[in-house]
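Listed here are the chains, written in short residue letters.
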Amino acid sequence: MYRSRLDKNLDKHTLDYVSSISDDSEIAIYDIVGSQAHSIMLYENKILNRTEVKKILIALEKLKKEKFTTASSAEDIHELIETMVIKKTGLEIGGKMHTARSRNDQVALDLRMKIRDDINTICGCILDMVQTLVLLAEKHTTTAMPLYTHLQQAQIGTFSHFLISYADALLRDFERFYDTFERVNHSPLGAGPVGGTSLPINRNSTAKMLGFFDVVENSIDATSNRDVVAEYVGHVAILMTNLSRIAEDLVIWSTSEFSFVELSDQFSSPSSVMPQKKNPDILELTRGKTARVIGNLVAILSNLKGLASGYGRDLQEIKPSVFLSSRTAISALVVLNSMFATLKVNKQKMNKIADSGYLASLDIAEALVKEGLPFRTAHKIVGKLVQIAHESGISLSELTASEVASSVGAKEFDSKKLGKIIQSINAESSLKNRSSLGSAGIAEQKRLVVKRKSKIRQYQNNVAKRNTMISSALQKLSTKVQVLSK
Ligand code: ARG
């Protein structure tokens, strides 16, 4: 339709090569709504008359039901929708819809509308998952488990502490998306191909009708920049990286060797040959899909880094990376949320392991510090105790009085007292005495849960307000469309 100065049509293979129609189904609805706002603005500024706006709006409204799967010679959804409007209203009327805009500001608009919706959806899904994690944490504030560094047993901890660490990472993801919405929610519409228009349009009015905070002011910036898109996909990549790490913890904990948790059958896969198998495929796919999303971010940044200012068709290739990233993030959050909600926690096994080995070493050393020893001396004494116990394959509490005595010089500390200290420390006492801010201690766990619960409520309200802001703007627009369609 646009080939005014070009004599020949694209052959089928070339059309397939340049077309973005198959990806564009994700933005069709935004293109229609954006076109309605644009047409109303043209009418309000006397560029379209009452009959023209009426016919165009009715045609656009009908297209909302269209699936846009039919093969066409259009190169993208913008061309296709305009062609269909012209078909329904005639060139005399439909041919005026594209006045004072370009596909360059149109696609930038559609992408921003799509991303702001995806941000709101992702924000909601993150809060749902955080809620599940915090409710599970609330049930496990006294469930002792080993904490690891280098995947080696480190300190006695609580299961809730792990869960809240996940919740906190996800809350930061939430905050990143929430902040980015502020930058995404600006309208590029009316920027034209790159330098604006001589026609008397009102960019602020379309921005308002579509629920944007403001316009992207500079028309070059509005049409050719995709930095907020990269920012958004960057956040998706970070979110997925967090989910992938959580998935890896669950993979480890659900092995027969650990068996700290058991995934519900609903979220496990069998083996085609080994009848005993219960595989954590969903968790593995979370890791695998994360790799793809990181690839999407790299693809977008690579696309942008060498582009001259002003629209270049390269930008079309960014869209599938965005759509795939959104779909992946939303489904990962939904699936992992359900997985946590149905997770079987093997409290006995966790408690047993927390009370075994040498996990209480630091607690013993700190008890010696409380008795006045320099930490370095305490570290040496307990290190020696562990060495002796390890050689005999026993726990610290199983050391004999003479073994304890051999690890501490008579001048350093009274070995009988040391023996008593060793006997008095176990997972329960360790978690009772751990009091530092944000630590695994039980009192801290209870405090952390309460604090997160109120944060979730506050964030849920914020998301609801944003959703209402957009839906009430679009509702007003739809009322205008109805009135002008009469
Ligand atoms: N299909 C294009 C895209 O997705 C739309 C903009 C095309 N603009 C142009 N001047 N060729 O980016």
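For the structure itself, look to the data block above.
So, a few notes on the structure that sits alongside this text.

Definitions and limits used
- Residues numbered from 1 in each chain as written.
- Predicted model: local features only at pLDDT ≥ 70, side-chain atom pairs only at ≥ 80, totals over all residues.
- Heavy atoms only, no water.
- Helix = DSSP H or I, 4+ residues; strand = E, 2+ residues; numbered from the N terminus.
- Buried < 20%, exposed > 50% of the residue type's maximum accessible area, 1.4 Å probe, protein only.
- Contact = heavy atoms within 4.5 Å.
- Areas by Shrake-Rupley, 256 points an atom, 1.4 Å probe, with all protein chains shown as cover.
- Lys, Arg positive; Asp, Glu negative; His and termini not counted.
- Charge placed at Lys NZ, Arg CZ, Asp CG, Glu CD.
- Pairing = 2+ DSSP bridges.
- Phe/Tyr/Trp six-rings, centres within 6.5 Å; stacked < 30°, edge-to-face > 60°.
- 1 Å grid on protein atoms, 1.4 Å probe; cavity = no way out; pocket = protein on both sides within 12 Å on 5 of 7 lines; lining within 4 Å.
- Points joined across faces, edges and corners; volume = space filled by probe spheres on them.
- Nonpolar A, V, L, I, M, F, W, Y, C, P; charged D, E, K, R; others polar.
- Axes fitted to C-alpha atoms, helices over the stretch in contact; angles between N-to-C directions.
- Parallel < 35°, antiparallel > 145°, perpendicular 65-115°, else oblique.

## Topic: the overall build of the protein chain
Along its length, the protein chain carries 20 helices and six strands. When its C-alpha atoms are laid out on the principal axes, the protein chain stretches across 100 × 50 × 40 Å. Burial status across the protein chain gives 50% buried among its 486 residues. In the protein chain, the share of contacts with a sequence separation of at least 24, taken over all contacts with a separation of at least 6, comes to 77%. Total accessible area on the protein chain stands at roughly 23600 Å², and carbon and sulfur atoms take up 54% of it. Charged side chains in the protein chain number 63 positive and 52 negative. The centres of these two groups are separated by 4 Å.

## Focus on the pairing of strand E2 (residues 152-158)
The sheet contact formed by strand E1 (residues 144-149) and E2 spans six bridges and is antiparallel. Paired with Pro-146 across the strands is Ile-156, a residue of E2. The loop that links E1 with its antiparallel partner E2 comprises two residues; one of these, His-150, has a positive phi angle of about 55°.

## So, the environment of Ser-439
Turning to its location among the elements, Ser-439 is positioned in the loop between helix H19 (427-433) and helix H20 (442-484). For the pair formed by Ser-439 and Thr-158, sequence separation is 281 residues and the distance between their alpha carbons is 9.5 Å. Beyond its immediate chain neighbours, meaning those up to four positions away, Ser-439 contacts His-161, Arg-434, Glu-444 and Gln-445.

## Here's the deal with the packing of aromatic side chains
Summed over the entire model, instances satisfying the criterion amount to ten aromatic pairs. An angle of 55° between the planes, with centres 6.0 Å apart, marks the rings of Tyr-148 and Phe-258 as tilted. Placement of the pair is Tyr-148 in strand E1 and Phe-258 in the loop between helix H11 (227-253) and strand E5 (261-262), with a sequence separation of 110 residues. Between the aromatic rings of Phe-159 and Trp-253, the centroid separation amounts to 6.0 Å while the plane-to-plane angle is 65°, which identifies the pairing as edge-to-face.

## Regarding empty space enclosed by the protein
Within this structure, the stated rule accounts for one cavity of 30 Å³ or more. In this structure, the largest cavity occupies an estimated 40 Å³ of space. Residue lining of the largest cavity: Ala-108, Leu-111, Arg-112, Ala-222, Asn-225, Arg-226, Val-228 and Val-229, and that is the complete set. Looking at the lining of the largest cavity, the elements with two or more residues in it are helix H7 (103-139) and H11. By residue number, the principal contributor to the lining of the largest cavity is H7, which donates three residues. Broken down by class, the residue content of the lining of the largest cavity amounts to five nonpolar, one polar and two charged.

## Structural notes on the packing of helix H3 (residues 28-44) against helix H4 (residues 50-63)
Put simply, H3 and H4 touch, their axes get as near as 10 Å, and they point 175° apart. For the element pair H3 / H4, the angle class is roughly antiparallel. Residues Ile-32, Ser-35, Gln-36, Ser-39, Ile-40 and Tyr-43 of H3 touch H4, and the partners they reach there are Arg-50, Val-53, Ile-56, Leu-57, Leu-60, Glu-61 and Leu-63. For the contact of H3 with H4, a count of residues per class yields eight nonpolar, three polar and two charged.

## Regarding unusual backbone geometry
The phi angle at Lys-46 is positive, at roughly 65°, despite the residue not being glycine. Taking the relative accessible area as the measure of exposure, Lys-46 reaches 72% and is therefore exposed. At His-150, a position not held by glycine, the phi torsion is positive, near 55°. With respect to the helices and strands, His-150 occurs in the loop between E1 and E2.

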